[in-house]
Amino acid sequence: MDELVHLGIIMDGNGRWAKKRNLPRAAGHLEGLKSLKKVIKGAIDEGIKYLTVYCFSTENWKRPEAEVNYLMALFTNKIYGEIRTMGSLGVQVRLLGKREGLPEAALKALDRTVNETSQNDKLVLQLAINYGGHDEIARAVNALIREGVKEVTPELIRSKFDNPDIPPVDFIVRSAGEERLSNFLLFDSAYSELGFYDKLWPDWDEEMIKTVKEDFHKRQRRFGGLA
Ligand code: IPE
Ligand code: IPE
Ligand code: MG
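Bear in mind that the values here come from a model prediction, so they are computed numbers and not experimental data. (Residues numbered from 1 in each chain as written. Chains lettered and ligands numbered in written order. Predicted model: local features only at pLDDT ≥ 70, side-chain atom pairs only at ≥ 80, totals over all residues. Heavy atoms only, no water.)

Things to note about the nonpolar core
Part 1: Counting residues in hydrophobic clusters, the biggest one holds 43 residues, and the most contacted among them are Leu7, Ile9, Leu51, Phe75 and Leu127.
Part 2: In terms of residue count, helix H3 (residues 65-86) provides more of this core than any other element does, 7 residues in total.
Part 3: Apart from residues lying up to four places away in sequence, isoleucine 9 is in contact with Val39, Leu51, Thr52, Val53, Tyr54, Val173, Phe184, Trp201 and Ile209.
Part 4: The next biggest cluster of nonpolar side chains, apart from the first, holds 9 residues, and it includes Ile10, Tyr54, Ala128 and Tyr131. (Core = buried A, V, L, I, M, F, W, Y, C linked by side-chain atoms within 4.5 Å. Buried < 20%, exposed > 50% of the residue type's maximum accessible area, 1.4 Å probe, protein only. Helix = DSSP H or I, 4+ residues; strand = E, 2+ residues; numbered from the N terminus. Contact = heavy atoms within 4.5 Å.)

Examining the site of ligand 1
Part 1: Taken together, 13 residues form the shell around ligand 1, and within it Met11, Asp12, Arg16, Arg25 and Arg63 come nearest.
Part 2: Between glycine 13 and ligand 1, the recorded distance is 3.3 Å, taken from a backbone N or O atom to an oxygen atom.
Part 3: Here an oxygen atom of ligand 1 and a backbone polar atom of glycine 15 are 2.9 Å apart.
Part 4: For ligand 1, the protein covers 87% of the area, taking 380 Å² as the surface of the free molecule.
Part 5: Elements with a contribution of two residues or more to the shell around ligand 1: helix H1 (14-20), helix H2 (25-45) and H3.
Part 6: Counting residues per element, the shell around ligand 1 draws most heavily on H1, at 3 residues.
Part 7: Along the lines of polarity and charge, the residues of the shell around ligand 1 split into 3 nonpolar, 5 polar and 5 charged. (Near = heavy atom within 4 Å. Polar contact = N/O pair within 3.5 Å; in protein donor to acceptor, adjacent residues only side chain to side chain. Areas by Shrake-Rupley, 256 points an atom, 1.4 Å probe, with all protein chains shown as cover. Nonpolar A, V, L, I, M, F, W, Y, C, P; charged D, E, K, R; others polar.)

A look at the site of ligand 2
Part 1: With respect to spatial proximity, the complete set of residues near ligand 2 consists of Ile10, Met11, Asp12, Tyr54, Cys55, Phe56, Asn60, Arg63, Arg174, Arg180 and Ser182.
Part 2: In the environment of ligand 2, an oxygen atom lies 3.3 Å from a nitrogen or oxygen atom belonging to the side chain of arginine 174.
Part 3: At 2.7 Å, a side-chain N or O of arginine 180 approaches an oxygen atom of ligand 2.
Part 4: Considering every element that reaches the shell around ligand 2, the biggest residue donor is strand E2 (residues 50-57), with 3 residues.
Part 5: When the residues that make up the shell around ligand 2 are grouped by side-chain class, the tally is 5 nonpolar, 2 polar and 4 charged.

Everything listed here is a matter of geometry and, on its own, says nothing about what the molecule does.
Right, dumping it as structure tokens:
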């Protein structure tokens, strides 16, 4: 049985959750943050070491300005406070994604969170913000070009990712029923298992992580070899 070391989550369905209740989409995002806290606790309880959560994609800038601003304000004003509380749980926060384009205030709050949690070692929480799989690969290749590399290998590309020390994701799960990756972890998902769940993100909690872990243990991974 393979161990679930690194779980990736595409947190989707905040808007639909709000719509069902006749609330503004922002209310769904705020509720989604509460689910994230529960899921982090669940991941720690289940012994998961790395958790990567998709918070904002390089394509999400296409949304109305007010929604983008609301999400940026969440990253600026909320994450820092919430995560600091997580410090007591031993959560180490890391950032994944393109810094360029993010508001200065959000970067400052996120960097502070990363710095202040760097000594924690219970769970590594990778926040994918302004993240896109295409951008990740292009930035890595550009870094190699700047160093004068004439030919790339998969290993060299990966070595230039934001957090190359974090192992590839074992299981990518997505809430809210859509069955696509939406530019999430394109390189590292080469051999990850995929799981799609109808439950909307604001309805996820600790229990869902138990379900997810059980589902992962039913999978048989072969990595191109034989069982
Ligand atoms: C996911 O929920 C959160 C982000 C993409 C930031 P959505 O906002 O995509 O919710 P739906 O898909 O519209 O329901
Ligand atoms: C993916 O969700 C991005 C995040 C969860 C941050 P989207 O809601 O943006 O994806 P699409 O547009 O349905 O593919
Ligand atoms: Mg969505």
